[in-house]
Each structure stands twice: as C-alpha cells, then as structure tokens.
Amino acid sequence: WRGWIADCNLRKTNGELLPAGSIASYAAMTRPHAKNTEAMELRDMRKYVENGVPVDWYWLDWGWYAQGDGSIPLDKCENSGNWQVDTSRYPSRFADLSAYGKEHGIRLMVWFEQEIIRTENKEYLYSLGLKKEWLLGGGYLFDMGQKEAREWMLSQVCKVIDEGGVEGYNSDFNANPGDAWRSAD
C-alpha cells in the first residue's frame, strides 16, 4: 500500500519525492477560523519565527472566504463554498502572508473545498459567473463533470492562488456526494 501511494500518487520533482516538512497554523482552540484576520495570521507566523520553531508550511484553513459583496465574513464552516477572499479581513488577498513567509523560508498553503457550495447567498456566486446548471444535489454540490464548470472553478481557485502567492493547495471534500451524483446520472 505505502509503495503504491509513493510510486503512483505522491508528487515527485526530478524523480524524487518531495521531502517531508513541518506544517503549522494558528491555535484553533484560541479563536474560530472565521474570526481570523491577516494581521492575526501574520502575528502567529511571527511567533513561530521568533521562537525558532522550524516551519516549512503555514496552513491557512477554512474561514478565509467572503459572502455577498466580498466583505461579510462567514461564521461557520458549514457555510463554505464561494472561493472569494474576504478582503475586509485579508486585504492583501494573502500576498502579505506569502511575502513574510518567503522571507523566512515558510510557504503558504490554503484550504479549499471547491466541490461544495453551502452558502445560501448563491446570487452573489451567480454574479461571479456560477451557473445554476453546474449545481447538483439541490444546489450544494458543484458538478465537476462539466468542462465549462471545471474551467470556471479552476479560474476561481487559480485567482486566489496567483493573487496571494500561495504555494500549497489543500483540498477537502466534506460531503457524501453519492445521492447527488446518482440523481444526476
């Protein structure tokens, strides 16, 4: 099993597996994700650096996205699914986090859940180009089976990555898509 994972699934550079690295984030017990701000994340990154904690990756988990006009923070993970940075909390769109990290040998990884659309404010997403026919399961699951939909989603994710200088991508899929997929077949 481990050999198959390493040989067929893990990313390689010049034929070699990427070296293992340490991943850090802020202490989730101290504040909810959706209350985070860029200033808080920078403070937490600085604490690792100032205390000599070796960190290869700083992981920005859920809660960074916006709702509505891009300035209303979501307060629950269950409302995830719009792929727009909340610029009221992250005004540099992660570029400042990435820049600080690079100065100290830390790469930024950002959490995505591109398959799920849990937000009730779909009108906002339609204004960004999301089409109703790309939604499955009553509107909570994004249909990656459509080429136009995949291309649109890729553009949304790449925009966040490119604008923020993000180097790592963490993808979650916190749903059971079986019923939605079966009903769409």
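In what follows, the accompanying structure is described. Residue indices follow the written sequence of each chain, beginning from 1 at its first position. Reporting of local features is limited, given that this is a predicted model, to residues whose pLDDT is at least 70; pairs of side-chain atoms are given and counted only at 80 or more, and all residues count toward the totals for whole chains, interfaces and linings. Neither water nor hydrogens contribute to the side-chain values; these are computed over all heavy atoms in the structure.

## Overview of the sheet that holds strand β4 (residues 57-60)
Let me state the cut-off plainly: Each pair of strands is called paired provided DSSP finds at least two bridges between the two strands. Counting from the N terminus, the helices are DSSP H or I runs at least four residues long and the strands are E runs at least two residues long. In what follows, a contact means two residues having at least one pair of non-hydrogen atoms within 4.5 Å. Interaxial angles span 0 to 180 degrees and are taken between N-to-C directions of axes, which are lines fitted to C-alpha atoms, for helices over the stretch in contact.
Read across the sheet, four strands follow the order β3-β4-β7-β10 without closing on themselves; strand pairing throughout is parallel. The sheet is open, and its two edges are formed by β3 (23-24) and β10 (168-171), each paired on a single side. With four bridges joining them, strand β7 (residues 107-112) and β10 adopt parallel strand pairing. Its bridge partner being in β10, W111 is matched across the sheet by N170. Against the sheet, helix α2 (residues 38-50) touches β3 and β4, its axis set at about 155° to β4.

## A word on unusual backbone geometry
To keep things clear, this is the line we draw: Only protein chains enter the calculation, and the probe is 1.4 Å; a residue is then buried if its accessible area is under 20% of its type maximum, exposed if over 50%, and partly exposed in between.
Unusually for a residue other than glycine, R93 sits at a positive phi of about 60°. A positive phi is found at F94, a non-glycine position, where the angle reads about 85°. On the basis of relative accessible area, F94 is assigned to the buried category, the value being 0%.

## What about the nonpolar core?
Condition: We define a nonpolar core as any set of buried Ala, Val, Leu, Ile, Met, Phe, Trp, Tyr and Cys residues linked to one another through side-chain atoms lying within 4.5 Å.
With 34 residues, the main nonpolar core has W64 and F94 as its most contacted residues. With five residues, helix α5 (residues 147-164) is the largest single contributor of residues to this core.

## Considerations on the pairing of β4
Look at any regular strand and the pattern is simple: side chains alternate between the two faces of the sheet. Note that β3 and β4 share two bridges and pair parallel. Across the sheet, residue I23 finds its bridge partner in β4, namely W57. Across four bridges, the pairing between β4 and β7 is parallel. Paired with L60 across the bridge in β7 is V110.

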